[in-house]
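Residue-level structural notes
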2 protein chains.
Amino acid sequence: MNKIYLSEKDMPRQWYNLAADFKNPPRLPIGLDGNPLTPDKLERIFPMNLIEQEVSTKRWIDIPQEILSILYRWRPAPLRRAVYLEEHLKTPAKIYYKDESLSPPGSHKPNTAVVQAWYNKKFGIEKLTTETGAGQWGCALSFACSIVGLECKIYMVRISFDQKPLRKSMMNIWGGQCLASPSKATSFGRKILKEQPDTPGSLGIAISEAIEDALTDSSGKTRYSLGSVLNHVMLHQTIIGLEAKKQLALIGEKTPDIVIGCAGGGSNFAGLSFPFICDKINGAKITIIPTEPTACPTLTRGPFRYDFGDTAGQTPLLAMHTLGHNFVPAPIHAGGLRYHGMAPLVSHAVTEGLLQPRSYDQVKCYQAALTWSRTEGTICAPETSHAIACAIEEAQKAKREGKEKVILFNYSGHGLMDLLGYEKFLNGELKEYSLPEEDLKKSLEAIADFPKL
Amino acid sequence: MNKIYLSEKDMPRQWYNLAADFKNPPRLPIGLDGNPLTPDKLERIFPMNLIEQEVSTKRWIDIPQEILSILYRWRPAPLRRAVYLEEHLKTPAKIYYKDESLSPPGSHKPNTAVVQAWYNKKFGIEKLTTETGAGQWGCALSFACSIVGLECKIYMVRISFDQKPLRKSMMNIWGGQCLASPSKATSFGRKILKEQPDTPGSLGIAISEAIEDALTDSSGKTRYSLGSVLNHVMLHQTIIGLEAKKQLALIGEKTPDIVIGCAGGGSNFAGLSFPFICDKINGAKITIIPTEPTACPTLTRGPFRYDFGDTAGQTPLLAMHTLGHNFVPAPIHAGGLRYHGMAPLVSHAVTEGLLQPRSYDQVKCYQAALTWSRTEGTICAPETSHAIACAIEEAQKAKREGKEKVILFNYSGHGLMDLLGYEKFLNGELKEYSLPEEDLKKSLEAIADFPKL
């Protein structure tokens, strides 16, 4: 039995808020002056109902029935066991994965996209702006806005826009408008284009453009939507881990020994892992591993500091692991992992000693992805391959140790929009790459004078 | 509840053979001389174990456990109810669909691909050749060969090869080799290229190349594999309809009033409908509708005649609805429906009065596909949109009639590899097109002297 389904009636009816359970409370966002941020400063960017979730420390937050009805399109998502990969690896480990690739846009992103769209609509908002890296988030928000009935405008990081032109078509199918970022549509975009006409772009730049777009709309009916990093995004994604727990219980499986998710801004990792971090805080023995690219090693090499969430410095300062807000990652194919920072809640969990981050080179990740396709069959997103590489590594370790470990990872999305990267890998065009130490040092200079933690 | 799952243990353990149940037996393949074909003539093309299935008139044929274990990767496939589309249409009809898009290659095609690969492997074959239109079948066979352990070489119709370059990457991921057809790799390909260097290609031409490749391999360890048309292919696909029946029974739903599938060579249509045709033969009142493009109207406008399955005339003569084996369909985006003929079993069911074929223009189909994406969420294959257009039409009719009809269609594949067609549709570049009568007449001249039925 390799597919474990949950019925709609057994779907979680509350999200889990990890902020309620840390031993030491996470640091709050501050301004450059060092003063704490008050919720009203965010009002022009986000609707108040989402800001309330952002700052909430309630452990459980109800999921409105109308949102559940939207989620039923693809949720509950199956929990699957990778029996064919296990057989191939000859491992005593049991490898489970939560299949988030079955949502219409093909990733975990709609778990929060439809929620954010719904709350914005309820608040009277008519249009959402956002950024997107690999395109997963842009597709997800476009889809969500189509379902809920909002306009949608997406700034897509240029390198991904060029590598994955069909992502734009997907967004168009759901009625969204997609521009390559930096674009000429915002003053920040024009500034960057003037300074660095050949820039591949970055998530930080695209975020700045989307925020500027929302702030400069005179109707006041436009807000910005972020696909990761923020607390309320992590919150919405916890439905993944909550479902997984129910599904493991359904088949009488023990608590996993190892929980894995790839981490760019942190949302798919948080979605799966936060409910298990809760168990860990309460004494369970679980190794919880966020995986990231060696090209963008935020958790493994970035310091824990106050930094901007975007490149232009329009966001408050967030306490997080960061490579510096000016950092432009190498154009690796896992576009969703090309972010300079990390969700404050994930960062805080690292400082609390709850997580064991690891970084993987993209060549090793594509090798893992190919092993996956030729055993399990499906084609994973390049981001997801960073989780698979780790799952394979842990399964091989379990084999060496002769232990029947339970490994759980998040299959965050399919790679059908990312075949160009596979093509290059198969042609031997991809090289191993690790961020040079001097580049990191230089990038961190930008935050040298920022308030210290 | 919009997802109806079946457990692995309830999966059908036998395929259903419609050939056993016709009132009048279907016509057998013959040679150009009019003499019936004996199985041994096929031996250089197919392995004997599949030839036995091809000519079998047994009603039920066992599915080997090893094949079930391969199918478990994505089967049983969910039966889904299109509740969001129903709501949008305000129809009293209930619209169910079998979701065949969840297989690793994204369509129903692997249902027979893994079976054919398995039987070939068992017979000692080392390599399979095939053709592909839209690329669904090429991906499916490449995937199947990867799982079973065979080499795989695919001739892809040039128009689709150009429109969907990433299909080739998919085939490569699973280790398959993909060439644009007509190619320089076969003498028939070279001949066509010389005569019509700018031809968009056709399934007929690609079939001829793949057969030539298999026949000219001196090791004798290469066979050809066909993704549609033949009886054994229809047989393997009946798992779709058999599962659907179990799933409808599971929720206490009545026999559908209307069963719909798009039809190119006939395999996804047959897969869903044959078990219901059995019911119809036994007295059930069911309207069963194969849908096809107005650009390639095989069932609605092609005569029932003996004709070649390919363009070069390497196959026996099959009794089928045909537009003539030289017919080159207009380059519509539903590449999988661009075939001059139709499965003999499907064709025979039409002549027996069991089916009511309809044709749809591609513009109407894309409109239906867009309605689908903006209600149900997912993006369907252009082929599948021909079934959706009909399901919507029937749901609207049910609304006018005020009848709570049960509609069941086959969601044969996703459209994530076909976004270029959507892009063109959204840009208003697609035109309505119906095959001109004079073109049909001219194309049929090629079979004027063939043996008559």
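Given the structure is predicted, the values throughout are model-derived calculations rather than measurements.

1. Considering the overall build of chain A
The helix and strand inventory of chain A stands at 18 helices and 15 strands. For the C-alpha atoms alone, the extent of chain A along its principal axes is close to 60 × 50 × 45 Å. For chain A, the share of sequence-separated contacts (at least 6 apart) that also reach a separation of at least 24 residues comes to 78%. Summed over all atoms, the accessible surface of chain A reaches about 15,100 Å², with 51% contributed by carbon and sulfur.

2. A look at the relation of the copies chain A and chain B
Between chain A and chain B, the superposition needs a rotation of 180° and an axial shift of 0.0 Å, giving an RMSD of 0.0 Å. Taken together, these values place the two copies in the relation of a two-fold axis. Across chain A, the rotation axis passes nearest the C-alpha of L416 of chain A, at a separation of 3.5 Å. Same-surface contact between copies: 100% of interface residues of chain A are shared with the interface of chain B.

3. Let's talk about the confidence of the model for chain A
The predicted model of chain A has a mean per-residue pLDDT of 95, with 100% of residues at 70 or higher. Both scores are given for the predicted complex: the pTM is 0.96, the ipTM 0.95.

4. Some remarks on the domain arrangement of chain A
The figure often quoted for interface size is the accessible area lost as the parts come together. Residue and element names in this part refer to chain A. Each domain of chain A was delimited in the assignment, giving domain 1 (17-63 + 109-224) and domain 2 (74-106 + 231-447). For domain 1 versus domain 2, the separation of C-alpha centres amounts to 21 Å. In this complex, domain 1 contributes 56 residues to the contact, which on the side of domain 2 involves 54 residues. Among the residues of domain 1 in contact with domain 2, L18, N111 and Q163 are the three that bury the most area, contributing 14% of the side total. Between K164 and D418 there is a salt bridge; the shortest N-O distance is 2.7 Å. At the surface where domain 1 touches domain 2, the tally comes to 19 residue pairs in polar contact (both at pLDDT 80 or more). Taken together, the elements giving at least two residues each to the side of domain 1 that touches domain 2 come down to α1 (48-55), β3 (60-62), α4 (110-122), α5 (136-148), α6 (158-163), α7 (165-173) and α9 (203-215). Ranked by residues supplied to the side of domain 1 that touches domain 2, first place goes to α9 with 8 residues. Grouping the amino acids of the side of domain 1 that touches domain 2 by side-chain chemistry returns 33 nonpolar, 15 polar and 8 charged.

5. What to know about the sheet that holds strand β11 (residues 287-293) of chain A
Each strand in a sheet pairs with its neighbour through backbone hydrogen bonds, running either in the same direction (parallel) or in the opposite one (antiparallel). All names here are of chain A. In spatial order, the strands read β1-β4-β5-β15-β10-β11-β14; together these 7 strands make up an open sheet with mixed pairing. Of all strands in the sheet, those with a lone pairing partner are β1 (3-4) and β14 (358-360), marking the two edges. Taken together, the 3 bridges between strand β4 (residues 79-81) and strand β5 (residues 94-99) define a ladder with antiparallel strand orientation. When the bridges of β5 are listed, R80 appears paired with Y97. The strands that helix α15 (residues 362-373) touches are β5, β14 and β15 (406-411); relative to β14, the one it contacts most, it runs at about 80°.

6. Digging into helix α17 (residues 419-426) of chain A
One turn of the α-helix equals 3.6 residues, which is why residues spaced by three or four share an orientation. Looking only at α17 of chain A, the buried set comprises L419, G421, Y422, E423 and F425 of chain A. Tucked into the core, α17 of chain A has its buried residues touching α15 of chain A together with α7 (165-173) of chain B. Just past α17 of chain A, the residue G428 of chain A takes up positive phi, approximately 70°.

7. Some words on empty space enclosed by the protein
To find leftover empty space, one rolls a probe the size of a water molecule over the atoms. The tally for this structure, following the rule as stated, stands at 4 cavities of 30 Å³ or more. Roughly 640 Å³ of volume is contained in the largest cavity. Lining the largest cavity are 35 residues, and of these D99, S101 and L102 of chain A together with S101 and L102 of chain B lie nearest its centre. Every element with two or more residues in the lining of the largest cavity is listed here: β5 of chain A together with β5 (94-99) of chain B. Across the lining of the largest cavity, the residue classes tally to 18 nonpolar, 9 polar and 8 charged.

8. Quick notes on the pattern of salt bridges
All names here are of chain B. Applying the stated criterion across every chain, the model contains 44 salt bridges over all chains. In this structure, the salt-bridge partner of E437 is R301, at a minimum N-O distance of 2.9 Å. Residue E437 is found in helix α18 (residues 437-444), and its partner R301 is found in helix α13 (residues 298-301); the two are separated by 136 residues along the sequence. The class for E437 is partly exposed, based on a relative accessible area of 47%. Of the charged contacts in the structure, one is a salt bridge between K403 and E401, with a shortest N-O distance of 4.0 Å. K403 sits in the partly exposed class, given a relative accessible area of 45%.

9. Some words on the packing of aromatic side chains
Using the criterion set out here, one finds 27 aromatic pairs over all chains in the structure. On the basis of an interplanar angle of 65° and a centroid distance of 5.6 Å, the ring pair of F143 of chain A and W174 of chain A is categorised as edge-to-face. One end of the pair, F143 of chain A, is in helix α5; the other, W174 of chain A, is in the loop between α7 and β8 (177-181), with 31 residues separating them in the sequence. W174 of chain A shares its class with F143 of chain A; the two are buried. Judged by centre distance (5.8 Å) and plane angle (65°), the ring pair of W74 of chain B and F143 of chain B falls under edge-to-face.

10. Examining the pairing of strand β12 (residues 304-308) of chain B
Residue and element names in this part refer to chain B. Along β12, 4 of the 5 residues are buried, which leaves the element largely enclosed by surrounding structure. Pairing of β12 with strand β13 (residues 317-321) involves 5 bridges; the strand directions are antiparallel. Residue pairing for β13: F304 is matched across the bridge by H321.

11. Considerations on the interface of chain A and chain B
Between chain A and chain B, the contact holds 43 residues from the first and 43 residues from the second. Interface area for chain A against chain B, summed over the two sides, is near 3,500 Å², with a carbon-plus-sulfur share of 59%. Linking E423 of chain A and K168 of chain B is a salt bridge whose minimum nitrogen-to-oxygen distance equals 3.4 Å. For the pair chain A and chain B, the number of links is 30 residue pairs in polar contact (both at pLDDT 80 or more). Among the elements of the structure, α2 (65-71), α5, α7, α15 and α17 of chain A are those that each provide at least two residues to the side of chain A that touches chain B.

12. Quick look at the nonpolar core
With 243 residues, the main nonpolar core has V346 and F409 of chain A together with V346 and F409 of chain B as its most contacted residues. Ignoring anything within four residues of it in the chain, the contact list for V346 of chain A reads M234, G266, F269, A270, F274, L299 and L355 of chain A. With 21 residues, the next largest nonpolar core counts I159, I207, A214 and L318 of chain B among its residues.

13. Description of the pairing of strand β7 (residues 151-157) of chain A
Residues and elements named next belong to chain A. Among the 7 residues of β7, 6 are classified as buried, and the element is accordingly described as predominantly covered. Bridge analysis of strand β6 (residues 127-132) against β7 gives 6 bridges, and the strand direction is parallel. If you follow E131 over to β7, its bridge partner there is Y155. On the question of chirality, the crossover connecting β6 to the parallel β7 by way of α5 is right-handed. Bridging between β7 and β8 involves 5 bridges; their strand directions are parallel. If you follow K153 over to β8, its bridge partner there is Q177.

14. Regarding the sheet that holds β8 of chain A
Residue and element names in this part refer to chain A. On the basis of which strands lie adjacent, the open sheet formed by 4 strands has the order β8-β7-β6-β9 and parallel pairing. Looking at the sheet topology across the chains shown, the edges are occupied by β8 and β9 (222-224). Adjacent strand axes in the sheet meet at a mean angle of 20° when their direction is disregarded. Packed onto the sheet, α7 meets β6, β7 and β8 and runs at close to 175° relative to β7.

Rules and cut-offs
Residues numbered from 1 in each chain as written. Chains lettered and ligands numbered in written order. Predicted model: local features only at pLDDT ≥ 70, side-chain atom pairs only at ≥ 80, totals over all residues. Heavy atoms only, no water. Helix = DSSP H or I, 4+ residues; strand = E, 2+ residues; numbered from the N terminus. Contact = heavy atoms within 4.5 Å. Areas by Shrake-Rupley, 256 points an atom, 1.4 Å probe, with all protein chains shown as cover. Least-squares fit on C-alpha atoms with pLDDT ≥ 70 in both. pLDDT = per-residue confidence, 0-100. Domains from an automatic or database assignment. Buried area = accessible area lost by both parts, 1.4 Å probe. Salt bridge = Lys/Arg side-chain N within 4 Å of Asp/Glu carboxyl O. Polar contact = N/O pair within 3.5 Å; in protein donor to acceptor, adjacent residues only side chain to side chain. Nonpolar A, V, L, I, M, F, W, Y, C, P; charged D, E, K, R; others polar. Pairing = 2+ DSSP bridges. Axes fitted to C-alpha atoms, helices over the stretch in contact; angles between N-to-C directions. Buried < 20%, exposed > 50% of the residue type's maximum accessible area, 1.4 Å probe, protein only. 1 Å grid on protein atoms, 1.4 Å probe; cavity = no way out; pocket = protein on both sides within 12 Å on 5 of 7 lines; lining within 4 Å. Points joined across faces, edges and corners; volume = space filled by probe spheres on them. Phe/Tyr/Trp six-rings, centres within 6.5 Å; stacked < 30°, edge-to-face > 60°. Core = buried A, V, L, I, M, F, W, Y, C linked by side-chain atoms within 4.5 Å. Right-handed = clockwise from strand over helix to strand, strands pointing away.

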